[in-house]
Amino acid sequence: MADTATATAGVDHHDDHGHHESFWSKYCFSTDHKIIGFQYLFTGMAMGLIGGFFSYVFRMHLAFPGSSIPFFGVVSPAAYNSLVTNHGTIMIFWVAMPVLIAALGNFLIPLMIGCDDMVFPKINRLSYQVFLLSAIVLIASFFVPQGGFGGAWTAYPPLSAESQYNGTPFGAPMWLIAVTLEIVAFLLGGINFITTVMNARAKGMKLYDIPMVVWMIVIASILFMASVGPLVAGAVMLLFDQTLGTGFFDPAAGGDPVMWQHLFWFFGHPEVYVVLLPAMGVVIEIICTFSRKKLFGYKMILYSSIGLGILSFFVWAHHQFISGVDPRATYLFTTTTLLISIPVAIMLFAMIGTLWGGSIRFTTPMLFALSFIAEFLIGGVTGIWLGSSGTDIYLHDTYFVLAHFHYTFVPIAIIGTFSAIYYWFPKMFGRHMNEFWGKIHFWGTVIPFNGIFLPLFVLGAAGQHRRIAGYTAYPDLYTENFQDLRVFATGSLIVLILFQIPFFVNFVVSLVRGRKAEANPWKANTLEWVAPSPPPHGNFGDNLPEVYRGPYEFSVEGREKDYWPQNEPETAK
Ligand code: HEM
Ligand SMILES: [Cu+2]
């Protein structure tokens, strides 16, 4: 297999020398894993702007109900539902997944395992093309008559199945088709990641020499592929219910609406770990590099994440404690859910253990990585109440749930992504980002993030329900002091948004004018830092690196340098 990759990339290489590649074939139809990684990265970031804009609109509406929102207008209840639904869908399927798995997986895997490209470069290209198509279908669904789907990202029938309930006869099926296409794209990509890591590693790289972020992307891909089948089947059945008049989920026709919930959450819970694991991998790489310490408990982390993956298939019904599942089953699902905190805790402890006694450098990527641990911890701990059926009966569908999962997803998708961008930017583009503005961006993101979501825990604990467009329509729910908290949360969001401007300016200006980066600016050990910054087509030139040791040999006693690259032969000091 390694030979296949070498051979294919070799042919492309040859082409390069033969004639000048057009912009079109180089950037739009490339099979180079790095270009495909960038395509995923930039598409994901663009979708992030849309998903973020939606959250701005509906949060403004929650703070100032009925008023005209700048850059949008008055938010009708139908528009509110559509905005919330598509915000959630976009953030999970079109931001977290493409950036954390596809962009990082594509860019990093061949570089970090020391080969010249993915094993199946054309499947890789196809994967991005299907993904782009899925994004286009989703965006198009906002502009059809009656607008985009508004039945929540979980799409429970009968609301999602019947257009007289959801009011979006075109938006709903388009949403389903878009999600299904997106899944196809990631199945194609996942096969590629797993095969490449198993077959194309550099000479000498044993399984325990694989950098943790690569392991995490592989485990995430396996989890995704193993969990998504039932959802695809369910999506096709739901599409038939919507368009052909079948009744798979319709009790009147002998169907069962709760069946969808099982199919959805059998995928939906593992999906959380599909995006969590790569983010954890990113954080681990950064923490080791910037504390100059060997990773604490490599095998423990690896086996914990595999255990976490397996356990994640047995917890799905914790989303259905009030859907009429047998109360005896709730004991089982409460137990499995609480068990899952063990591997997660082990991984977080291992990260803290790595930091212990290290010589820590507070660079921008390191600050983001450290804040991941702190913020994700809040998400994890609050999950214990939601995983326990007794407390969840009260908290279900309130803003407490919403705050809980944003304390997991924002660290994953926002903080994890920024950590990765600041860390690998020099490798990706051959230039450094500005550290000063990076730090401003860091504080301006992490502080207001807590300002948005901490108040929502309070609202949720007080019984305020999520997915409600106008509280004024429910006098029992509406109280003035709650409104203050909502305004505070929205104000924090505005601050957070404003502090993203320095990031985008820094990103673009650094692309063209940033300080030039050497091959290994952070003095790290993994193989991507052996290749030039940015790596050329084929990555390592004619000599692929050989591996002599694990990825985290920092501060080894008796050595002059405090790092020991994986490819450096024993004799070198
Ligand atoms: C900092 C930016 C963000 C803000 C201010 C924000 C805010 C919100 C709010 C207020 C809601 C619920 C509205 C309601 O129930 O009426 C919501 C829903 C949701 N958000 Fe976010 N969010 C942000 C980022 C993210 C990220 C990064 C993700 C995932 C990677 C995410 C995933 C979701 C999901 C899945 C829902 C549920 C949608 C539904 O109920 O169908 N959000 N968000
Ligand atoms: Cu879950």
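Since this is a predicted model, take the numbers as computed values, not measurements.

Procedures and definitions
- Residues numbered from 1 in each chain as written.
- Chains lettered and ligands numbered in written order.
- Predicted model: local features only at pLDDT ≥ 70, side-chain atom pairs only at ≥ 80, totals over all residues.
- Heavy atoms only, no water.
- Helix = DSSP H or I, 4+ residues; strand = E, 2+ residues; numbered from the N terminus.
- Rg over C-alpha atoms; globule rule 2.2 N^0.38 Å.
- Buried < 20%, exposed > 50% of the residue type's maximum accessible area, 1.4 Å probe, protein only.
- Contact = heavy atoms within 4.5 Å.
- Areas by Shrake-Rupley, 256 points an atom, 1.4 Å probe, with all protein chains shown as cover.
- Lys, Arg positive; Asp, Glu negative; His and termini not counted.
- Charge placed at Lys NZ, Arg CZ, Asp CG, Glu CD.
- Donors = N, O, S within 2.8 Å, 3.2 Å for Na, K, Ca; no water.
- Tetrahedral: all angles 85-135°; square planar, octahedral: opposite > 155°, others 65-115°.
- Phe/Tyr/Trp six-rings, centres within 6.5 Å; stacked < 30°, edge-to-face > 60°.
- Lys NZ or Arg CZ within 6 Å of the ring centre and 35° of its normal.
- Near = heavy atom within 4 Å.
- Polar contact = N/O pair within 3.5 Å; in protein donor to acceptor, adjacent residues only side chain to side chain.
- UniProt positions renumbered as here; feature names shortened; annotations may be inferred.
- Axes fitted to C-alpha atoms, helices over the stretch in contact; angles between N-to-C directions.
- Parallel < 35°, antiparallel > 145°, perpendicular 65-115°, else oblique.
- Left-handed = near helix turned anticlockwise from the far one by under 90°.
- Nonpolar A, V, L, I, M, F, W, Y, C, P; charged D, E, K, R; others polar.

### Let's talk about the overall build of the chain
Secondary structure summary: the chain contains 18 helices and zero strands in total. A compact globule built from 573 residues should have a C-alpha radius of gyration of about 25 Å, and the chain, at 24 Å, falls within 12% of that. Projected onto the principal axes, the alpha-carbon positions of the chain cover approximately 75 × 50 × 50 Å. Expressed as a percentage of its 573 residues, the buried residues of the chain come to 59%. Across the chain, the fraction of contacts at a sequence separation of at least 24, relative to all contacts at a separation of at least 6, is 79%. Accessible surface, the chain as shown: approximately 22500 Å² in total, 70% of it carbon and sulfur. Of the side-chain charges in the chain, 28 are positive and 34 negative, and the distance between the mean point of each set is 10 Å.

### Examining the coordination of the copper ion (ligand 2)
At 1.7 to 2.0 Å from the copper ion (ligand 2) lie its protein donor atoms, namely H269 (ND1), H318 (NE2) and H319 (NE2). We note that the donor set of the copper ion (ligand 2) lies within a single chain, spaced as H-x48-H-H. Judged by relative accessible area, H319 falls into the partly exposed class, the value being 21%.

### Details of unusual backbone geometry
Omega for the peptide link from P157 to P158 comes to 5 degrees, which places this bond in the cis form. Among the secondary structure elements, P158 is positioned in the loop between α5 (121–141) and α6 (163–166). At the junction of S533 and P534, the peptide bond is cis and its omega measures out at -10 degrees in the coordinates. Within the secondary structure, P534 sits in the segment after α18 (500–513). Positioned with a positive phi, Q146 is a non-glycine residue whose angle comes to about 70 degrees. Secondary-structure assignment places Q146 in the loop between α5 and α6. Q146 sits in the exposed class, given a relative accessible area of 55%.

### A closer look at the environment of I360
When you line up the elements, I360 lands in the loop between α12 (341–355) and α13 (364–387). Judged by its relative accessible area of 33%, I360 falls in the partly exposed class. With 69 residues separating them in the primary sequence, I360 and S291 have C-alpha atoms 4.2 Å apart. Not counting the four nearest positions on each side in its chain, I360 is found in contact with F290, S291, L355 and M366.

### A closer look at the coordination of the iron atom of ligand 1
Within the protein, the atoms that donate to the iron atom of ligand 1 are H87 (NE2) and H406 (NE2), at distances of 1.9 to 2.0 Å. Relative to the metal, the six donor atoms surrounding the iron atom of ligand 1 lie at angles of 88 to 179 degrees, and the coordination shape comes out octahedral. Taken together, the positions of H87 in helix α4 (residues 77–113) and H406 in helix α15 (residues 399–429) put the pair 319 residues apart, joining distant regions of the chain. Residue H87 is classed as buried on the basis of its relative accessible area of 12%.

### Section: the packing of aromatic side chains
Aromatic ring pairs: the centre-centre distance and the angle between the two ring planes describe each pair. Applying the stated rule across the entire model yields 53 aromatic pairs. Ring plane angle 50 degrees and centroid distance 5.5 Å describe the contact between F266 and F313, whose orientation is recorded as tilted. With F266 in helix α9 (residues 257–291) and F313 in the loop between α10 (298–311) and α11 (327–339), this pair connects stretches of sequence that are 47 residues apart. For F266, a relative accessible area of 22% corresponds to the partly exposed category. Judged by its relative accessible area of 15%, F313 falls in the buried class. Sitting above the plane of the W564 ring, R549 keeps its charged end 3.9 Å from the centroid. The ring of Y563 carries the charged tip of K561 above its face, separated from the ring centre by 5.0 Å.

### Notes on the site of ligand 1
Residues in close proximity to ligand 1 total 22 residues, the closest being Y80, H87, W153, H406 and R467. Within the side chain of H87, one N or O atom sits 2.9 Å away from a nitrogen atom of ligand 1. Contacts to ligand 1 include W153, whose backbone N or O atom sits 2.8 Å from an oxygen atom. Listing elements by their share of the shell around ligand 1, those giving two or more residues are α3 (33–63), α4 and α15.

### Section: the UniProt feature "domain: Cytochrome oxidase subunit I profile" (unreviewed entry) in the chain
Per the UniProt entry, the sites bearing "domain: Cytochrome oxidase subunit I profile" (unreviewed entry) are residues 24–548 in this numbering. With 68% helix and 0% strand, residues 24–548 has its two end C-alpha atoms placed 40 Å apart.

### A few points about the packing of α4 against helix α7 (residues 171–199)
Two elements in contact, α4 and α7, have axes whose closest approach is 11 Å; the angle formed by their N-to-C orientations is 20 degrees. Relative to α7, the element α4 lies roughly parallel. Considering only the axes of α4 and α7, their crossing is left-handed. Residue classes in the contact of α4 with α7 are distributed as 14 nonpolar, six polar and one charged.

### Focus on the packing of α4 against helix α8 (residues 212–243)
Relative to each other, α4 and α8 sit at 130 degrees, their axes nearing to 9 Å. Of the possible angle classes, the one that applies to α4 and α8 is oblique. The element α4 and its partner α8 pack so that their crossing is left-handed. Only V213, V214, I217, A220, S221 and F224 of α8 make contact with α4, whose side of the interface consists of M97, L100, I101, L104, G105, L108, I109, M112 and I113.

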